[in-house]
Amino acid sequence: MALTTYAEVRPWARSIKNRVVAREMPPWHIDKNIGIQEFKDDISLTDEQIATIATWVDTGAPLGDPADIPQMPQFPNWSAWQIGEPDLVVRYPDYLVPAEGPDVFGSLYAQFDLEEDRYIKAIQTRPVDGRSRQVVHHALSYAVGQDYDDLTNDGTQDQGVFLVEYASGKGAEIYPEDTGKLLPANQKARVSYHLHSIGEEVQAGIELGIVFHPKDVVPAHIRWSKQLARHNTDLDIPAGAVVRQDGYERLNKAAKLTAFQPHMHILGRYQCLELIYPTTPIRSEVVSCANFDYNWHLVYNYADDVAPIVPAGTILHTISWHDNTEANRANPDPTNWTGNGGRTIDEMGFAWIGWYDLTEEEYAQELAARKARREAATNDDDQ
Ligand code: HEM
């Protein structure tokens, strides 16, 4: 639906209040009461804005004085690339997803046609249209050798370089300044897909857009993106139950964490990321918690000044809650047991973490610089 005129908005007033007060809309599901709150691309409303909308609805959603209607703002084109105009676009072969059938998994291939090594600065996978968006559960892109073939893969073939994940509702990954990822020359692009039938046949198309650093630039850090702190595979979610699961992952090097993106499936409701530091006595802190909605695989990119800087040996701890009760509106069948698995109707829990490694020296420098900034800010406040 469009929400650009009073006539369009008025019938949705009650629903708008519900979605906005529950902080489901606009789609930004970070828990405002826990952890870091400064992000690069926060589109959430303030408490005051929410109160204004709620009061307007409660007082009958009046039009007000037509003379006060503001100019129509310039809206971004939501279908445009979020990384700006890509230097390279790879279109994978289409896949005909049947109207009905089990979920399908596999690989599709295309060429990068890249003759020299380049560093990636920003990257985005997108289903090519709204119909494709409905059936693409996930799409993970890799750069692999020309002879890579997953039909004949006996486990010995090099898996290549992992580039980026897509899952429903996800946008672009824009790396922090001075970080990047190497895309080697003469590789072929592989997308590992998971597609889900929706009751109508869909010709699904997926494309990958990449913006490179300039040719002569070698970024100071490699920006990693991996699924980490996955919980055990013995996930057991009885009908009608809410189940908590924990996952752990040790970072062997000091690091700056730049992005947090919870991943679960349709029963996923809430996930927290705790950092357990290798200190004596052990110290830990919860840096982020977010409500989870399977339609929105949102990446939360920390603002540079608050992105966690962690020592080598830090343990990432994810705490994921799955809700198999009737209260979960997304639950297709609260009478059904659900367990671990890869299908959309199975469950899993881990976090996609974006980060880059720091040497011990860089870690000490980053920490000292942050401490100095904080002290300067405190002194300013005191004056
Ligand atoms: C203050 C801003 C916003 C308001 C008041 C709002 C309101 C709503 C409402 C009332 C619904 C429920 C519709 C239904 O019941 O069928 C909805 C769903 C939806 N909205 Fe928004 N929205 C906002 C921002 C956004 C933004 C920024 C996007 C896109 C980036 C977006 C995309 C969607 C989509 C795709 C759905 C359907 C899927 C879902 O329910 O999650 N909305 N929105």
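Since this is a predicted model, take the numbers as computed values, not measurements.

**Points about the site of the ligand**
Working step 1: Lining the immediate surroundings of the ligand are Met1, Trp12, Ser15, Ile16, Arg19, Val20, Met25, Pro26, Pro27, Asn295 and Trp296.
Working step 2: Within the side chain of Arg19, a nitrogen or oxygen atom sits 3.1 Å from an oxygen atom of the ligand.
Working step 3: Residue Trp296 places a side-chain N or O atom 2.8 Å away from an oxygen atom belonging to the ligand.
Working step 4: Of the residues belonging to the shell around the ligand, the class tally is eight nonpolar, two polar and one charged.

**Looking at the domain arrangement of the chain**
Working step 1: Segmentation of the chain into domains returns domain 1 (88–219) and domain 2 (224–363).
Working step 2: Listed per partner, the contact involves 16 residues of domain 1 and 17 residues of domain 2.
Working step 3: When the two sides are added together, the surface that domain 1 and domain 2 hide from each other amounts to roughly 1400 Å², 56% of it contributed by carbon and sulfur.
Working step 4: Of all the secondary-structure elements, those providing two or more residues to the side of domain 1 that touches domain 2 are strand S5 (136–144), strand S6 (161–167) and strand S8 (179–183).
Working step 5: Per-element accounting of the side of domain 1 that touches domain 2 gives the leading share, three residues, to S6.
Working step 6: Taken together, the residues of the side of domain 1 that touches domain 2 sort by class into five nonpolar, six polar and five charged.

**Notes on the packing of aromatic side chains**
Working step 1: Counting across every chain of the model gives 11 aromatic pairs.
Working step 2: Seen from their ring centres, Tyr109 and Tyr148 are 6.3 Å apart, and the 55 degrees between their planes marks the pair as tilted. You can see Tyr109 sitting in strand S3 (residues 104–111) and its partner Tyr148 sitting in the loop between S5 and S6, a full 39 residues away along the chain.
Working step 3: The exposure class assigned to Tyr109 is partly exposed, which follows from its relative accessible area of 22%.

**A word on the packing of helix H2 (residues 13–21) against helix H3 (residues 47–58)**
Working step 1: Running from N to C, H2 and H3 point in directions that differ by 150 degrees, and their axes come no closer than 9 Å. It follows that H2 is roughly antiparallel to H3 by the angle criterion. Considering how the two elements wind past one another, H2 and H3 form a crossing that is left-handed. Seen from H2, the contacting residues are Ala13, Arg14, Ile16, Lys17, Val20 and Val21; seen from H3, they are Ile50, Ile53, Ala54, Trp56, Val57 and Asp58.
Working step 2: Here the contact of H2 with H3 is composed, by residue class, of nine nonpolar, no polar and three charged.

**Topic: H2**
An α-helical segment advances 3.6 residues per turn. Residues three or four places apart therefore align on the same side.
Working step 1: Among all positions in H2, only Ala13, Ile16, Lys17 and Val20 are buried. Buried residues of H2 fall within an arc of 100 degrees about the axis and therefore sit on the same side.
Working step 2: The elements touched by buried residues of H2 are helix H1 (6–9) and H3.
Working step 3: Of the residues trailing H2, Arg23 is marked for its positive phi of about 55 degrees.

**As for the sheet that holds strand S20 (residues 315–323)**
Working step 1: One open sheet accounts for four strands, arranged S14-S20-S16-S17; its pairing is antiparallel. Bordering the open sheet on either side are strand S14 (242–250) and strand S17 (283–291), each of which pairs with just one other strand. Between one strand axis and the next, the sheet turns by 20 degrees as a mean value, whatever way the strands run.
Working step 2: Relative to S20, S14 runs antiparallel, the two being bridged by nine bridges. Note on S20: the bridge partner recorded for Val242 is Asp323.

**Section: unusual backbone geometry**
Working step 1: Along the chain, Met25 connects to Pro26 via a cis peptide bond; the corresponding omega equals -15 degrees.
Working step 2: Summarising the element assignment, Pro26 is placed in the loop between H2 and H3.
Working step 3: In this structure, the amide linkage connecting Thr280 to the following residue, Pro281, adopts the cis form with an omega of -5 degrees.
Working step 4: Mapped onto the fold, Pro281 is located in the loop between strand S16 (268–277) and S17.
Working step 5: Here the phi dihedral of Arg23 falls at roughly 55 degrees; this positive angle occurs in a residue that is not glycine.
Working step 6: Mapping Arg23 onto the fold places it in the loop between H2 and H3.
Working step 7: Here the phi dihedral of Asp113 falls at roughly 50 degrees; this positive angle occurs in a residue that is not glycine.
Working step 8: Within the secondary structure, Asp113 sits in the loop between S3 and strand S4 (118–127).
Working step 9: For Asp113, a relative accessible area of 65% puts it in the exposed group.

The rules behind the values
Residues numbered from 1 in each chain as written. Predicted model: local features only at pLDDT ≥ 70, side-chain atom pairs only at ≥ 80, totals over all residues. Heavy atoms only, no water. Near = heavy atom within 4 Å. Polar contact = N/O pair within 3.5 Å; in protein donor to acceptor, adjacent residues only side chain to side chain. Nonpolar A, V, L, I, M, F, W, Y, C, P; charged D, E, K, R; others polar. Domains from an automatic or database assignment. Contact = heavy atoms within 4.5 Å. Buried area = accessible area lost by both parts, 1.4 Å probe. Helix = DSSP H or I, 4+ residues; strand = E, 2+ residues; numbered from the N terminus. Phe/Tyr/Trp six-rings, centres within 6.5 Å; stacked < 30°, edge-to-face > 60°. Buried < 20%, exposed > 50% of the residue type's maximum accessible area, 1.4 Å probe, protein only. Axes fitted to C-alpha atoms, helices over the stretch in contact; angles between N-to-C directions. Parallel < 35°, antiparallel > 145°, perpendicular 65-115°, else oblique. Left-handed = near helix turned anticlockwise from the far one by under 90°. Arc of directions from axis to C-beta. Pairing = 2+ DSSP bridges.

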